[in-house]
Amino acid sequence: MAGRAEATAAIERALRDGGTLVVTGEPGSGRTSLLRWAAARACPALWVPGYADEICVQRLLARGAALYLVDDADLLDPPSWRLIKRFARRFAGSPVTLLAAGPLGFAGDLPPLPLGPLDDHAAHTLVLRVAPDISDFVAAGLLRRAGGNPSALTALAGTLSLPQRRGFAPLPPGLPRDSALGQRLRASLSALPPATRSALLLLAIDDREPFGDLEAAEAAGLVTISATGGVRFVPPVLREVIYEEASSAARREAHLALAGITDGLPALVHRAAATAGRDPQLSRDLGAAAAGAAPSQAAIAFRYAAALADDPAGPLLSAAREFWLAGRPDEVVPLVQRVSAYPRARSLIAEIGLRSDPLPARDALLDVAAELIPVDTEGALSALLLAGEACCRAGDPGRYAALVSRLEVADPAPAAALAHRQVRGLGALLRGQHDESFEHFRAVLALAPRVDDPVLLVAAAMAGIMVGQDRRGASFAARAASLAFAAGAHALVPAALEAVAYAELAAGRYDAATTAALDGAAAARRSGRLDLADSLLGLLAVLAGLVGDRPTGERRCREATARHAEARDLTDWARALLDLVEGHGASAAERLAAIVAAPPGRGSSLLRVAVIPHLVEAAVGAGPLSAEARIPPAGLSSAPEDPAARHLFATASGAAPVLDSAATIFDHWAGRTGEAPWLAIRARCRALRAGDEAADDHFREALRRHDAGFARAHTELLYGRHLRRHRHHLEARTHLRQAVETFHRLDADPWAAQAARELRAAGERASAAVPVTAGPPLTAQQAQIAGLVAGGATNREVAQQLHLSTRTVDHHLRNVFARLGVRSRTELARILYE
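Within each chain, residues carry numbers counting from 1 in the order of the written sequence. The predicted origin of the model limits local features to residues at a pLDDT of at least 70 and limits the giving and counting of side-chain atom pairs to 80 or more, whereas totals for whole chains, interfaces and linings rest on all residues. Neither water nor hydrogens contribute to the side-chain values; these are computed over all heavy atoms in the structure.

Some remarks on the overall build of the protein chain
Heads up, the condition is: Only DSSP runs of H or I reaching four residues or more are called helices, and only runs of E reaching two or more are called strands; each is numbered from the N terminus. Based on C-alpha atoms, the radius of gyration is set beside the globule rule, defined as 2.2 Å times the residue count to the power 0.38. The criterion used for residue contact is that any of the two residues' heavy atoms lie within 4.5 Å. Values of accessible area rely on a 1.4 Å probe in the Shrake-Rupley scheme; residue burial ignores everything except the protein chains shown.
Looking only at helices and strands, the protein chain features 46 helices and seven strands. The C-alpha atoms of the protein chain give a radius of gyration of 30 Å, which matches the 28 Å a tight globule of 834 residues would have. Over its C-alpha atoms, taken along the principal directions, the protein chain stretches across nearly 90 × 75 × 45 Å. Considering only residue pairs separated by 6 or more positions, the protein chain has 63% of its internal contacts joining residues 24 or more positions apart. Accessible surface, the protein chain as shown: approximately 35300 Å² in total, 54% of it carbon and sulfur.

Below, the structure is given as structure tokens:
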């Protein structure tokens, strides 16, 4: 299946060189749009309508044109289609282009161009073009329902009211009756035999196995049936159209039939769907059965339970929470609007909006915590955990520390103890009491092995990052992702993978961080968390920037939309890194200083600290920062009156540059961790800002503390440059050779090139500047993937064998192709094996 970029490229080649292509796809996939796009690029163009008869077709083909377009070619009678195929064969090799469009599988012996569904990024972009003010979670709901079908996305997004676009009203079922796709699908359904329509209705309700004869539906192109018996609606939104088109009596009959052949929770749900009015006992039965079910099943059960209950508040709150966990945030807000007076409802709304707008989320969560502290310790702890995240993301603590000091937890269970320690650690951190905060965070790490709650394990992972124990943090976050996936809590998986990615990045394991971020971005889109997906794309841009991969970094920056502050800061960090590796220190310093000096309410506290070593390197190499980057110390704080900020950012001068205050912050934090990797980077930062003799001592300390890897190679480069500039050429060459070799091994060619230039400037002969390798210069994982692919394995097979996602394999394979200068698997095999 071709994406839109591949499809347009194929059509451009056909327009340039001549030839025939049959664009195939499901209804609404954009076949006609592509033909119109081609017609606008070629003149003269001649359209052959699908309803034309043989004589009409013959006359049209006889007219001279550079481009012939045949839309709805499947509607032509057989003689007309045979005539067109003869025409295509006759003019093969000439500059004449013939483009036809029809359903999947229609091309026959002509070259096909099958269109796949839009990917999530392209689908989201289309939705934003139609409805620019749509909320992320509503857009995610449209993406899930449309299944990447452009016409379905356009029809659904274009008819939403303002309350629906903002998520305060339920989305309309099915497709709008006046949409072209909806009319086409309804016409196709009405032409089916009644028995087939009944079978499709049962399948639309419960698709675990086919019911009845679907041959007519398959022949009409409305379903595809796999060799194993699996059935897929074509397009996916057809499922909703079928259910909405059925009469209420037919739907009730179908649910009762399914209730008779299922048991347990599914049977109860079908009984509830067939019940009119209240049924408190059935409501209680549903609630009891849903308690142990996966979130996707429990959410539907609780929603039915609310409709049947005398008091729907409890089931509604449960349904909303389960829909959120199941990755369907668009279903949440309309439910909690009905019970908005309850603290749990307000907390859930704040949780959904926490990333995109952390300040209002913080205030709402602190209000909930204040309300619950006297009466519900567990609920108050949950609200404070979320509020702590909001405070850190906003860079503004509000009254968090004051509320934490009021909380008392008597529960000795590890989960409650961990949550309490975590919020106390955040409270101490926000008060500027850093030694106390580190004590609490280390206690969190000690408790985490006895906890199985994914939310608390992600909190423990972040505590690990806070105290510099990155590998422990990565381990806890990976366990959280595994537990959440097993439980069907899809909304928690991408957040856990994000924590894995940050911890692995901090530990210097960039390949592992990239794998986690790729998987996390995909999981975030599947679970409706588009803001988190953007942040993870921004993090992928940073990871590309760290190794100097500009093409990948720029592509990731474009993919991460600019609607979210965190994604913007991450893409600024990525571009600063790319500037840094290319020697543009001044522009890198300006970008990084803007992140560190972000005003209150914007910018993650964790991110502000993470960029400081790169800010130090960029600023020292670039000279003084511009006037815009010089601010009073309070400008770096969460708020001028914040004692934590005064403690962190106070300087003797009262108007020091960002660099001085930032370097001090990082120096103090790294020292508190006591961890060798961070002490090494602290020593490197000190070396960059020290005088000549002191710089040597700091560089040597950094190298003593570094493990082998990227961070050590970076220090070798900076120390070699320092030595070369001070005319210690022999010693400089030793360090620079190490840097070149390590950067090459880690697939960081731009950094290797920079180190090689320094090496030549230090007097090394050019032939020795770049090491000779025994084979293709790939990382270990890239070499493993390349070997399997060259041996004939598909990307999916490689992913299964190496326990990776297919997206990760795709990412590494693109880098292998670029590194080796090949364009196909055949060329790859030739390089590796011939």
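Observations concerning the nonpolar core
Under the convention used in this document: Here, nonpolar core means buried Ala, Val, Leu, Ile, Met, Phe, Trp, Tyr and Cys residues that are tied together by side-chain atoms lying within 4.5 Å of each other. Type-normalised accessible area, obtained with a 1.4 Å probe on protein chains alone, sets the label of each residue: buried when under 20%, exposed when over 50%, and partly exposed for intermediate values.
Within the largest apolar cluster, 216 residues are counted, with the highest numbers of intra-cluster contacts made by Leu286, Tyr400 and Phe743. Beyond its immediate chain neighbours, meaning those up to four positions away, Leu286 contacts Leu265, Leu268, Val269, Ala272, Ala301, Tyr304, Ala305 and Leu308. Within the second largest apolar cluster, 20 residues are counted, among which are Val22, Ala65, Tyr68 and Trp81.

What about the packing of helix 1 (residues 4-17) against helix 2 (residues 31-41)?
Test applied: Interaxial angles span 0 to 180 degrees and are taken between N-to-C directions of axes, which are lines fitted to C-alpha atoms, for helices over the stretch in contact. Roughly parallel means an angle under 35 degrees; roughly antiparallel, over 145; roughly perpendicular, 65 to 115; everything else is oblique. Should the near helix be turned anticlockwise from the far one by less than a right angle, the crossing is left-handed, and should it be turned clockwise, the crossing is right-handed.
Where helix 1 meets helix 2, the closest approach of the two axes is 11 Å, and the angle between their N-to-C directions is 40 degrees. As summarised for this structure, helix 1 and helix 2 are arranged oblique, according to the angle between their axes. When you trace helix 1 past helix 2, the crossing you get is right-handed. Side by side, helix 1 and helix 2 meet where Ala7, Thr8, Ile11, Glu12 and Leu15 of the first sit next to Leu34, Trp37, Ala38 and Arg41 of the second.

With respect to unusual backbone geometry
With an omega dihedral of -5 degrees, the bond running from Val234 to Pro235 counts as a cis peptide bond. Within the secondary structure, Pro235 sits in the loop between strand 7 (231-233) and helix 12 (238-245). One non-glycine residue, Asp72, adopts positive backbone phi at about 50 degrees. As for its position among the elements, Asp72 is in the loop between strand 3 (67-70) and helix 4 (78-90).

Focus: the environment of Thr262
Condition: The definition of a polar contact used here is a pair of N or O atoms within 3.5 Å, where within protein one atom must be able to donate a hydrogen and the other to accept one, and adjacent residues in sequence count solely through side-chain atom pairs.
Tracing the backbone through its elements, the reader meets Thr262 in the loop between helix 13 (248-261) and helix 14 (264-273). On the basis of relative accessible area, Thr262 is assigned to the buried category, the value being 19%. The spatial distance from the C-alpha of Thr262 to the C-alpha of Arg704 is 66 Å, given a sequence separation of 442 residues. The contacts of Thr262, once residues within four sequence positions are left out, are Asp206, Arg208, Ala267 and His270. Within the structure, the side chain of Thr262 is placed 2.8 Å from the backbone oxygen of Leu258, a separation counted as a polar contact.

Some remarks on the pattern of salt bridges
Two side chains bearing opposite charge may form a pair once their charged atoms approach each other closely. Spelled out, the test is: The working definition used for a salt bridge is a side-chain nitrogen of Lys or Arg within 4 Å of a carboxyl oxygen of Asp or Glu.
Per the stated rule, a full pass over the model turns up 50 salt bridges. Ionic pairing is found between Glu758 and Arg721, a salt bridge with its closest N-O pair at 3.1 Å. On the criterion of sequence distance, the pair formed by Glu758 in helix 41 (residues 749-761) and Arg721 in helix 39 (residues 710-725) is long-range, its members being 37 residues apart. An identical accessibility class is assigned to Glu758 and Arg721; each is buried. Salt bridges sharing common partners tie together Arg550, Glu554, Asp572, Arg575, Asp579, Glu582 and Arg591.

Section: the pairing of strand 1 (residues 19-24)
Applicable threshold: Strand pairing is assigned whenever DSSP identifies at least 2 bridges connecting the two strands.
The element strand 1 is largely enclosed, with a buried count of six among its six residues. Where burial is concerned, the two faces of strand 1 agree: the one with Gly19, Leu21 and Val23 and the one with Thr20, Val22 and Thr24 are both buried. Both strand 1 and strand 4 (residues 97-102) contribute to a ladder of six bridges, which runs parallel. Bridge assignment links Val22 to a residue of strand 4, and that residue is Ala100. Two elements, strand 1 and strand 5 (residues 112-114), share three bridges in a ladder whose sense is parallel. The residue of strand 5 that forms the bridge with Val23 is Leu113.

Examining the packing of aromatic side chains
For clarity, the threshold we go by: Ring pairs shown here join Phe, Tyr and Trp side chains whose ring centres sit within 6.5 Å, with only the six-membered ring taken for Trp; geometry is labelled stacked below 30 degrees between planes, edge-to-face above 60, and tilted in between. When the NZ atom of lysine or the CZ atom of arginine is within 6 Å of a ring's centre and also within 35 degrees of its normal, the charge is said to sit over that ring.
What the rule picks out here adds up to ten aromatic pairs. Summarising the aromatic geometry, the rings of Phe666 and Trp678 are spaced 6.2 Å apart at their centres and angled 70 degrees between planes, so their arrangement reads as edge-to-face. Here Phe666, found in helix 36 (residues 658-673), pairs with Trp678, found in helix 37 (residues 676-689); they are twelve residues apart in sequence, far enough to count as distant. Since its relative accessible area comes to 2%, Phe666 is described here as buried. Taken together, the ring pairs connect Tyr510, Phe710, Phe743 and Trp751 into an aromatic cluster. The positively charged end of Arg251 is found above the aromatic ring belonging to Tyr243, 5.1 Å away from the centroid.

Section: the side chain of Arg251
For clarity, the threshold we go by: This count recognises Lys and Arg as positive and Asp and Glu as negative, with His and chain-terminal groups excluded.
As for its placement among the helices and strands, Arg251 is situated in helix 13. We note that Arg251 is buried and unpaired, the nearest opposite charge coming from Glu244 at a distance of 4.9 Å. At a separation of 3.0 Å, a polar atom in the side chain of Arg251 contacts the main-chain carbonyl oxygen of Tyr243. Of note is the side chain of Arg251, whose polar atom sits 2.8 Å from the backbone oxygen of Ala246. Setting aside chain neighbours within four positions, we find Arg251 in contact with Leu201, Tyr243, Glu244 and Ala246.

Remarks on the packing of helix 39 against helix 41
Keep this limit in mind: Residue type decides the class: Asp, Glu, Lys and Arg count as charged, Ala, Val, Leu, Ile, Met, Phe, Trp, Tyr, Cys and Pro as nonpolar, and the leftover types, Gly among them, as polar.
Between helix 39 and helix 41, the least distance of the axes is 10 Å, while the angle of their chain directions is 25 degrees. Taken together, helix 39 and helix 41 sit at an angle that is classed as roughly parallel. For the element pair helix 39 and helix 41, the recorded crossing hand is left-handed. Residue-level contacts link Phe710, His714, Leu717, Arg721 and Arg724 of helix 39 to Trp751, Gln754, Ala755, Glu758 and Ala761 of helix 41. Its residues assigned to classes, the contact of helix 39 with helix 41 shows five nonpolar, two polar and three charged.

Some points on helix 14
Of all the residues in helix 14, the buried ones are Leu265, Ala267, Leu268, Val269, His270 and Ala272. For helix 14, the secondary structure elements touched by its buried residues are helix 10 (194-205), helix 13, helix 15 (280-290) and helix 16 (295-308).

Concerning the state of the cysteines
The condition that has to hold: Cysteine sulfurs are considered disulfide-paired once they come within 2.5 Å of each other.
Summed over the entire model, instances satisfying the criterion amount to zero disulfides. In this structure Cys391 is a free cysteine whose sulfur lies 6.8 Å from that of Cys392, the closest cysteine sulfur available.

Looking at the sheet that holds strand 4
Pairing is parallel in the open sheet, where five strands are placed in the order 2-3-4-1-5. Strands at the two margins of the open sheet, each flanked by one partner only, are strand 2 (45-48) and strand 5. Neighbouring strand axes in the sheet, compared pairwise and without regard to direction, differ in orientation by 20 degrees on average. Across four bridges, the pairing between strand 2 and strand 3 is parallel.

With respect to the confidence of the model for the protein chain
Quick reminder of the rule: Known as pLDDT, the predictor's confidence for each residue is given on a scale from 0 to 100.
Per-residue pLDDT for the protein chain has a mean of 87; in total, 91% of the residues score no lower than 70. Of the regions scoring below 50 in pLDDT, residues 623-656 engages in 61 contacts with residues more than four places distant in sequence or in other chains. Across residues 766-776, where pLDDT falls below 50, the model places 14 contacts with residues more than four positions away in sequence or in other chains.

Focus on the environment of Ala155
Locating Ala155 in the fold gives a position in helix 7 (residues 150-158). A sequence separation of 20 residues divides Ala155 from Leu175, and the C-alpha atoms of the two residues are 7.0 Å apart. Discounting chain neighbours no more than four positions away, the residues touching Ala155 are Leu175, Pro176 and Ser179.

Considering helix 40 (residues 729-745)
Cut-off, in case you're wondering: Helix span is expected to be 1.5 Å times the residue number reduced by one.
Over its 17 residues, helix 40 extends 24 Å from the first C-alpha to the last, a length consistent with the 24 Å expected when each residue adds 1.5 Å. For helix 40, every residue scored as buried is listed here: Ala732, Arg733, His735, Leu736, Ala739, Val740, Thr742, Phe743 and His744. Looking one or two residues beyond helix 40, the residue adopting positive phi is Asp747, at roughly 65 degrees.

With respect to the side chain of Gln164
With respect to the helices, strands and loops of the structure, Gln164 is situated in helix 8 (residues 162-166). According to the relative accessible area criterion, Gln164 is buried, its value standing at 14%. In this structure the side chain of Gln164 is engaged in a polar contact, spanning 2.9 Å, whose partner is the backbone nitrogen of Ser161. Aside from chain neighbours lying at most four places away, what touches Gln164 is Val138, Thr159, Ala169, Pro170, Leu171 and Pro172.

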